[in-house]
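# Overview (structure and organization)
Residue-level listing of the chains:
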Amino acid sequence: MSKYILALDQGTTSSRTIAFNRQGEIVAKAQYEFPQIYPRAGWVEHDPMEILRSQMRSLADTLIDGRIQARDIVGIGITNQRETTILWDKSTGQPVYNAIVWQCRRTAELCEELKKDQELSAYITEHTGLIIDAYFSATKIRWILDHCEKAREVLKQGNLLFGTVETWLIWNLSGGKVHVTDFSNASRTMLFDVDRLTWDPFICEKLGIPMEILPTPVPSSKIYGLVSSHGIPGLESLSGIPICGAVGDQPAALFGQGCFSAGQAKNTYGTGCFLLMNTGKERVRSKNNLVTGVAWGIGDEVIYAIEGSAFNAGSTIQWLRDELKMIDSAPECDRLAESVPDAGGIYLVPAFTGLGAPYWDMYARGCIVGITRGTNRAHFARAVLEGITYQMTDLLRAMKADSEVPLTELRVDGGASVSNIMMQIQANIAGCPVNRPKVVETTALGAAYLAGLAVGFWSGLDEIRSIRAVDRIFFPEMTQDERDKAYAGWQKAVSRARNWIEHEE
């Protein structure tokens with residue numbers, strides 16, 4: 001009988017389950033969206049029970065779609081939206097508040113206050129690899145404790161638990177027996193010492209976060225526990241299956257792309273863009289406002305990554321479609337972009353929610369510069385695609401400066417990576433080949449690989465390397481002079497977008 005690994009891929013807008021075979025091929029999958037909650041401008045929440053329901057529904061339907069029996073499942077791996085913060089009552093299994101999503105900016109003012117303590121700011125960067133920002137979990141936990149009476153009551157009773165999404169799913173699948181987080185997710189909380197692989201008591205004390213609510217940090221590939229018959233109603237047949245892999249979505253994609261050697265990098269083109277480079281067994285301290293952390297842990301070996309993100313990528317194409325009504329679909333954006341040789345001198349900086357690395361400017365806003373009477377919607381479409389690739393080039397240049405490792409190739413995945421014209425523009429602007437695999441579901445695949453390694457489904461990294469198949473490689477078609485001139489224009493446009501919103505220093 002064929003055997004499979006299940007990957008639970010819990011994302012920001014939907015929950016998916018994918019069944020993979022030994023060849024790393026997709027056998028069956030199911031996906032369900034769940035509601036986004038926006039209590040006020042800049043705030044984003046999810047109902048943790050909806051996350052759980054949608055994830056379990058996708059799991060059940062994947063088994064039905066693939067005609068997969070429980071006895072055919074060797075193990076379950078989980079990958080998840082990172083930083084999203086859930087607090088719940090371990091005695092009832094009920095959340096005390098909605099999940100505060102990674103995109104949520106409600107704690108921006110608290111972060112500004114914390115940054116005024118320069119010693120604390122330097123300590124956090126040195127020990128966690130992060131900068132103080134509302135993006136990460138720590139200030140979200142603090143906000144719930146400050147604003148939710150139920151959370152404080154449950155804490156007094158000794159029943160409060162914290163977890164990022166993989167922790168929440170593992171706890172529920174195990175019937176409340178296992179409270180763990182993998183090193184990659186712990187690295188995004190702003191509470192985790194990424195060198196010592198432990199929670200940092202000094203930071204927890206400074207932020208007023210009780211350490212007893214935190215999960216146990218564990219490697220990304222390990223048997224954490226077994227699915228419980230008391231875990232999820234309707235999935236009792238899965239009882240006893242190992243839960244054996246957990247990893248944040250972006251390091252999962254790095255692993256799924258086979259970037260096992262220092263200097264290998266991948267970029268995921270989704271709602272935002274996430275660029276990660278494997279830096280090996282040593283953590284690189286960024287001098288260019290990038291963040292670092294654990295990519296994954298297998299056995300006693302821990303691999304680090306340096307990371308940068310752009311908040312708006314695929315969302316910029318959606319903006320062109322939904323708000324400006326210039327296109328009806330993403331493929332139309334490609335067709336328009338291909339109809340002109342360049343953007344006609346215009347630059348679009350998609351800083352709709354500020355700028356991520358290497359700028360970390362919460363007060364930047366989107367701008368379009370260089371418009372003339374001859375500018376048309378094809379130029380807009382081209383500028384949107386170029387704006388996404390310029391953001392990635394900012395990150396690539398910062399990574400190269402930090403790691404001092406030459407980038408020989410950029411591996412790509414995510415929904416927008418299907419755009420041939422955008423991948424060609426990326427190769428041109430970045431000045432390196434862009435390698436797109438045949439299986440672009442690399443996030444789920446990375447979680448499956450890590451789970452499979454824990455139970456011997458795959459023999460090791462060499463076998464996984466041999467599985468990866470290339471769809472297409474895009475080579476640069478620009479001279480260095482052309483590249484430098486185009487990039488100088490981008491930097492000038494970014495300077496116009498920065499610090500647009502006035503704020504008190």
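Provided above is the structure to which this section pertains.
A brief look at the structure comes next. (Residues numbered from 1 in each chain as written. Predicted model: local features only at pLDDT ≥ 70, side-chain atom pairs only at ≥ 80, totals over all residues. Heavy atoms only, no water.)

### Notes on the overall build of the chain
- Secondary structure assignment for the chain yields 16 helices and 24 strands.
- For 505 residues, the compact-globule estimate of 2.2 N^0.38 gives 23 Å, and the C-alpha radius of gyration of the chain, at 22 Å, lies within 12% of that figure.
- When its C-alpha atoms are laid out on the principal axes, the chain stretches across 65 × 55 × 45 Å.
- Counting all 505 residues of the chain, 62% fall into the buried class.
- A total accessible area of about 20000 Å² is found for the chain, and carbon and sulfur atoms account for 49% of it.
- Looking at charge distribution, the chain has the averaged site of its 50 positive side-chain charges lying 2 Å from that of its 59 negative ones. (Helix = DSSP H or I, 4+ residues; strand = E, 2+ residues; numbered from the N terminus. Rg over C-alpha atoms; globule rule 2.2 N^0.38 Å. Buried < 20%, exposed > 50% of the residue type's maximum accessible area, 1.4 Å probe, protein only. Areas by Shrake-Rupley, 256 points an atom, 1.4 Å probe, with all protein chains shown as cover. Lys, Arg positive; Asp, Glu negative; His and termini not counted. Charge placed at Lys NZ, Arg CZ, Asp CG, Glu CD.)

### A short note on unusual backbone geometry
- Notably, Arg 67 is not glycine yet its phi reads approximately 50 degrees, a positive angle.
- Along the chain, the position of Arg 67 falls in the loop between helix H1 (48–65) and strand E5 (73–80).
- Since its relative accessible area comes to 75%, Arg 67 is described here as exposed.
- Even without being glycine, Lys 325 reaches a positive phi, approximately 60 degrees.

### Considerations on the packing of helix H12 (residues 377–403) against helix H13 (residues 420–430)
- At their nearest, the axes of H12 and H13 sit 9 Å apart, and the two run at 40 degrees to each other. Between H12 and H13, the angle falls in the class oblique. The crossing of H12 and H13 is right-handed. Every residue of H13 that contacts H12 at Arg 382, Leu 385, Glu 386, Ile 388, Thr 389, Tyr 390, Met 392, Thr 393 and Leu 396 is listed here: Ile 421, Met 422, Ile 425, Gln 426, Ile 429 and Ala 430.
- The residue makeup of the contact of H12 with H13, split by class, is ten nonpolar, three polar and two charged. (Axes fitted to C-alpha atoms, helices over the stretch in contact; angles between N-to-C directions. Parallel < 35°, antiparallel > 145°, perpendicular 65-115°, else oblique. Left-handed = near helix turned anticlockwise from the far one by under 90°. Contact = heavy atoms within 4.5 Å. Nonpolar A, V, L, I, M, F, W, Y, C, P; charged D, E, K, R; others polar.)

### Thoughts on the nonpolar core
- Within the largest apolar cluster, 136 residues are counted, with the highest numbers of intra-cluster contacts made by Leu 191, Tyr 269, Val 349 and Trp 458.
- Of all the elements, H12 adds the most residues to this core, at 13 residues.
- The contact partners of Trp 458, leaving out residues within four places of it in the chain, are Ile 5, Asn 21, Arg 22, Gly 24, Ala 448, Tyr 449, Gly 452, Leu 453, Glu 463, Ile 464 and Ile 467.
- Of all hydrophobic cores here, the second largest spans 36 residues; its members include Ile 73, Ile 86, Trp 168 and Val 218. (Core = buried A, V, L, I, M, F, W, Y, C linked by side-chain atoms within 4.5 Å.)

### Some remarks on the state of the cysteines
- Applying the stated criterion to the full structure yields zero disulfides.
- With no disulfide of its own, Cys 148 lies closest to Cys 104 among cysteine sulfurs, the gap being 14 Å.
- A relative accessible area of 7% means that Cys 148 is categorised as buried. (Disulfide = S-S within 2.5 Å.)

### So, a nonpolar patch on the surface
- On the surface, Val 470, Ile 473 and Phe 475 cluster together to form a nonpolar patch covering roughly 240 Å² of accessible area.
- Along the chain, Val 470 falls in strand E24 (residues 470–474).
- Classification of Val 470 as partly exposed rests on a relative accessible area of 36%. (Patch = residues over 30% accessible without salt bridge, like charges linked within 9 Å, V, L, I, M, F, W, Y side chains within 5 Å. Salt bridge = Lys/Arg side-chain N within 4 Å of Asp/Glu carboxyl O.)

### Here we look at the side chain of Asp 361
- Tracing the backbone shows Asp 361 in the loop between strand E20 (347–349) and strand E21 (367–369).
- Asp 361 sits in the buried class, given a relative accessible area of 4%.
- Here Arg 498 takes part through its side chain, which lies 3.4 Å from a polar atom of the side chain of Asp 361.
- A distance of 2.9 Å separates a polar atom in the side chain of Asp 361 from the backbone nitrogen of Asn 499.
- When sequence neighbours within four positions are dropped, the list of residues in contact with Asp 361 reads Gly 354, Leu 355, Arg 498 and Asn 499. (Polar contact = N/O pair within 3.5 Å; in protein donor to acceptor, adjacent residues only side chain to side chain.)

### Comments concerning the side chain of Asn 21
- Position of Asn 21 among the secondary structure elements: in the loop between strand E2 (14–20) and strand E3 (26–33).
- Separated by 3.0 Å, the side chain of Asn 21 and the backbone nitrogen of Gln 23 make a polar contact.
- In this structure, Asn 21 is in contact with Lys 3, Tyr 4, Val 27, Phe 457 and Trp 458, ignoring residues within four places of it in sequence.

### What to know about the sheet that holds strand E7 (residues 94–95)
- Read from one edge of the open sheet, three strands run E7-E6-E9, paired in antiparallel fashion. Each end of this open sheet is capped by a strand with a single partner; those strands are E7 and strand E9 (160–163).
- Examined bridge by bridge, strand E6 (residues 86–89) and E9 share four bridges and lie antiparallel to one another. Among the inter-strand pairings, Leu 87 is bridged to a residue of E9, identified as Phe 162. (Pairing = 2+ DSSP bridges.)

### Regarding the pattern of salt bridges
- In total, this model carries 28 salt bridges according to the counting rule given.
- For Lys 29, the salt bridge goes to Glu 441, with nearest N and O atoms at 3.4 Å. Here the residue Lys 29 occupies a position in strand E3, and Glu 441 occupies one in the loop between strand E23 (434–437) and helix H14 (442–454), the gap between them amounting to 412 residues.
- A salt bridge links Glu 409 to Arg 411; the nearest nitrogen and oxygen atoms lie 3.0 Å apart.
- Residue Glu 409 is classed as partly exposed on the basis of its relative accessible area of 21%.
- With a relative accessible area of 14%, Arg 411 lands in the buried category.
- In the salt-bridge network here, residues are joined through shared partners; they are Arg 82, Glu 83, Arg 188, Asp 249 and Glu 307.

### Observations concerning H1
- The first and last C-alpha atoms of H1 sit 26 Å apart over 18 residues, in line with the 26 Å expected at 1.5 Å per residue.
- When H1 is considered as a whole, its buried residues turn out to be Pro 48, Met 49, Ile 51, Leu 52, Ser 54, Gln 55, Met 56, Ser 58, Leu 59, Thr 62 and Leu 63.
- For H1, the side-chain oxygen to backbone nitrogen distance between the N-cap and Met 49 is 2.8 Å, and the N-cap itself is Asp 47.
- Phi turns positive one or two residues past the end of H1, at Arg 67, with a value near 50 degrees. (Expected span 1.5 Å × (residues − 1).)

### Some words on the environment of Glu 45
- Here Glu 45 lies in strand E4 (residues 45–46).
- Under the relative-accessibility criterion, Glu 45 is labelled buried at 4%.
- Excluding its chain neighbours within four sequence positions, the residues that come into contact with Glu 45 are Gln 36, Ile 37, Pro 39, Tyr 97, Asn 98, Ala 99, Val 101 and Arg 106.
- For Glu 45, the side chain forms a polar contact with the side chain of Asn 98, separated by 2.9 Å.

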